[in-house]
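# Architecture and fold: a report
So you can see what is in the structure, the chains are spelled out below.
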Amino acid sequence: MVKSMDINVKEVLGIIPSSLISLLTLFLITKIIGKKQVSELSLFDYVIGISIGNFSAEMIINQDVQYVNGMMAIAVFGVTAWFVNLLSRKSIVVRRLLMGTPTTIIENGVILEKSLKDLNMDINDLLEYCRSAGYFHIEEVAFAVMEANGQLSILPKGSYKPVTLKDMKIAGSKEELDSNIIIDGKFMEENIKNSSKGMDWIQKELKKNGYNKPDDILLGIISSNKLVLYPKNREDSREVLE
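A quick note: this is a predicted structure, and the numbers were derived from the prediction, not measured. (Residues numbered from 1 in each chain as written. Predicted model: local features only at pLDDT ≥ 70, side-chain atom pairs only at ≥ 80, totals over all residues. Heavy atoms only, no water.)

Moving on: the overall build of the chain. The helix and strand tally for the chain stands at 9 helices and 8 strands. The buried share of the chain, reckoned over its 242 residues, is 24%. Considering only residue pairs separated by 6 or more positions, the chain has 48% of its internal contacts joining residues 24 or more positions apart. (Helix = DSSP H or I, 4+ residues; strand = E, 2+ residues; numbered from the N terminus. Buried < 20%, exposed > 50% of the residue type's maximum accessible area, 1.4 Å probe, protein only. Contact = heavy atoms within 4.5 Å.)

Before going further, it helps to examine the side chain of S179. Considering the arrangement of structural elements, one finds S179 in strand β5 (residues 179-183). Look at S179 and you get buried, because its relative accessible area is 14%. With residues near it in sequence (within four places) discarded, S179 still touches N191, S195, G220, I221 and I222.

In this structure, S195 sits in the loop between α8 (189-194) and α9 (199-208). Looking at S195, the relative accessible area reads 13%, which means it is buried. Here the side chain of S195 touches I192 through a polar contact of 2.8 Å, landing on its backbone oxygen. Non-local contacts of S195, meaning those with residues more than four positions away in its chain, are made with S179 and I222. (Polar contact = N/O pair within 3.5 Å; in protein donor to acceptor, adjacent residues only side chain to side chain.)

For the rest of this paragraph, the subject is the pairing of strand β7 (residues 217-223). Summarising burial for β7: 5 of the 7 residues are buried, a large majority. Where β7 lies against strand β8 (residues 226-231), 6 bridges are found, and the strand directions are antiparallel. Note that in β8 the partner of G220 across the bridge is L229. Count of turn residues in the β7/β8 antiparallel hairpin: 2 residues, of which S224 carries a positive phi of about 55°. (Pairing = 2+ DSSP bridges.)

Within α9, burial applies to I202, E205 and L206. Buried residues of α9, seen end-on, are gathered within an arc of 105° and therefore sit on one face of the element. Seen from the buried face of α9, the exposed residues on the opposite side, beyond 90 degrees, are D200, K204, K207 and K208. On its buried face, α9 is in contact with β5, β6 (186-187), α8, β7 and β8. (Arc of directions from axis to C-beta.)

Turning our eyes to something else, we now look at the pattern of salt bridges. A full pass over the atoms with the stated rule returns 4 salt bridges. For D184, the salt bridge identified is with K232, shortest N-O distance 3.6 Å. Pair noted here: D184 is in the loop between β5 and β6 and K232 is in the segment after β8, with a separation of 48 residues, a long-range link. (Salt bridge = Lys/Arg side-chain N within 4 Å of Asp/Glu carboxyl O.)

Time to look at the packing of aromatic side chains. For the structure on display, the rule yields 0 aromatic pairs. Across from the ring centre of W201, 5.0 Å away, lies the NZ or CZ of K197, which sits over that ring. (Phe/Tyr/Trp six-rings, centres within 6.5 Å; stacked < 30°, edge-to-face > 60°. Lys NZ or Arg CZ within 6 Å of the ring centre and 35° of its normal.)

On to the environment of E139. Its location among the elements puts E139 in the loop between α7 (123-132) and β3 (141-146). Residue classification places E139 among the partly exposed residues on the basis of a relative accessible area of 43%. Expressed as a C-alpha distance, the spacing of E139 and V110, which sit 29 residues apart in the sequence, is 9.2 Å. Look past the residues within four positions of E139 in its chain and what remains in contact with it is K157 and Y160.

So this is what it looks like as structure tokens:
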């Protein structure tokens, strides 16, 4: 006979405030550290991130630990990461020591075996990195550099470089960022003010496309001086079969 589970409701509910406090603390520390902590992890940032995650989990689950203890631990590691990143921007020695340095893996089309050993990589790892970067034929690669954040930067051989307008001696038009002027059926007033087009022009373009109001538009953008519209799909969603 299976015994019924005894649930301590008070203990379960006690996790709610600790979770919210932990989330708030993590958010504030991440803001202090900066976006680099999220998007471009170095080895040092990775260690800091894991440690902060452990402190956060301990603060949520272990009710015997004071909130302030966990918050202090997270704050100390977060401020340390911020201070180290500040030092690394001012000192190349600190940057090389804690953040690491790029390593050349392919040089002039030659695979450097010593670099692979230093990075604890094998040929299969290198081929996988190249495929992820869009190079399925390694003979197309002139230089490959493993960055400090673990990303592989590739310079293709001259004959495999993509053709540009400059190569073809064609003058390109001035590039501008797309402006989202309709999102989920609503005008983005601030974006419209900052765009090169006014509301009158947008209204005329909507009517040209058969819309009197933006209600049925999921996304509307100004791209290359044109109004591009993505209507809402009223049909039921469909699953992709494998």
